[in-house]
Amino acid sequence: MTTWTKQKLGEIAEIIMGQSPESKFYNESGNGLPFFQGVKDFGNKYPTVTKWTTSSNKVAIENDILFSVRAPVGDINVTKLKCGLGRGVCAIRSKHKQNEFLYFLLRANINKIINIGNGSIYDSINKPTLENIELLVPDLPTQQKIASVLSAYDDL
């Protein structure tokens, strides 16, 4: 029997908040790391690279989940490559190498997350708030099975 337990996002994932370099380090000529500032380049599941940076303090790696943390909160993509993160996004990385499952778990709970992220001027969500979001999570073998089935449907 599969056991589902309530766990905080920070217990199952590392969250890397973005930090924007000075604009003088941005370019559109492919120099440096691909760079995502916010949701402008987000696609259905994967972003399109239109900007690069030669200076990035915060970096996502291949298969990390890119999550919009401000204006709007909650758009989700997956990066296929190492990239720089601007202040409008964070990278979320499973501590158990279950990023595909985590991607679907976040999508399934997106309304809950969006309702938490509401600032006074525009919606935003910070790292401590993200880390403390409670989610129902199954054991690792079940996570793998769920991710496998949902990924197959997603690929269609």
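Summarised in this report is the structure supplied together with it. (Residues numbered from 1 in each chain as written. Predicted model: local features only at pLDDT ≥ 70, side-chain atom pairs only at ≥ 80, totals over all residues. Heavy atoms only, no water.)

**Some thoughts on the pairing of strand S8 (residues 73-78)**
Move 1: Among the six residues in S8, five count as buried, and that is most of the element.
Move 2: As defined by bridge partners, strand S7 (residues 65-69) adjoins S8 across four bridges and the pair is classed as antiparallel. Its bridge partner being in S8, Phe67 is matched across the sheet by Ile76.
Move 3: Adjacent in sequence and paired antiparallel, S7 and S8 are bridged by three residues, among which Ala71 carries a positive phi angle near 35 degrees. (Buried < 20%, exposed > 50% of the residue type's maximum accessible area, 1.4 Å probe, protein only. Helix = DSSP H or I, 4+ residues; strand = E, 2+ residues; numbered from the N terminus. Pairing = 2+ DSSP bridges.)

**As for the nonpolar core**
Move 1: In terms of nonpolar packing, the biggest core is built from 26 residues, with Leu9, Phe67, Ile92, Leu102, Leu106, Ile125 and Leu130 touching the most fellow members.
Move 2: Sorting the residues of this core by element identifies helix H1 (9-12), strand S2 (13-17), S7, S8, strand S10 (89-94), helix H2 (99-108), helix H3 (110-116) and strand S11 (134-138) as the ones contributing at least two each.
Move 3: Of all the elements, H2 adds the most residues to this core, at six residues.
Move 4: Within the second largest apolar cluster, nine residues are counted, among which are Phe36, Cys83, Leu85 and Val89. (Core = buried A, V, L, I, M, F, W, Y, C linked by side-chain atoms within 4.5 Å.)

**Remarks on the sheet that holds strand S9 (residues 83-85)**
Move 1: Read from one edge to the other, the open sheet built from five strands follows the order S3-S5-S4-S9-S6, with strand pairing classed as mixed. The outermost strands of the open sheet, each flanked by one partner alone, are strand S3 (26-27) and strand S6 (59-60).
Move 2: Two strands pair when backbone bridges link them, and S3 and strand S5 (residues 52-53) are joined in this way by two bridges, in the antiparallel orientation. Each bridged residue has a counterpart across the sheet, and for Tyr26 the counterpart in S5 is Thr53.

**Focus on the sheet that holds S10**
Move 1: In spatial order, the strands read S2-S10-S7-S8; together these four strands make up an open sheet with antiparallel pairing. Strands with a single pairing partner mark the edges of an open sheet, and in this sheet they are S2 and S8. Each neighbouring strand pair of the sheet contributes to a mean axis angle of 25 degrees, computed without reference to strand direction.
Move 2: Here S2 pairs with S10 via five bridges, running antiparallel. Counterpart to Ile16 in the pairing with S10 is Ala91.
Move 3: Set on the sheet, H2 makes contact with S2, S7, S8 and S10; between it and S10 the angle comes to about 125 degrees. (Axes fitted to C-alpha atoms, helices over the stretch in contact; angles between N-to-C directions. Contact = heavy atoms within 4.5 Å.)

**Quick notes on empty space enclosed by the protein**
Move 1: Tallying each qualifying case throughout the model produces one cavity of 30 Å³ or more.
Move 2: In this structure, the largest cavity occupies an estimated 50 Å³ of space.
Move 3: Ranked by the residues each element gives to the lining of the largest cavity, the list is headed by H2, at three residues.
Move 4: By residue class, the composition of the lining of the largest cavity is five nonpolar, four polar and no charged. (1 Å grid on protein atoms, 1.4 Å probe; cavity = no way out; pocket = protein on both sides within 12 Å on 5 of 7 lines; lining within 4 Å. Points joined across faces, edges and corners; volume = space filled by probe spheres on them. Nonpolar A, V, L, I, M, F, W, Y, C, P; charged D, E, K, R; others polar.)

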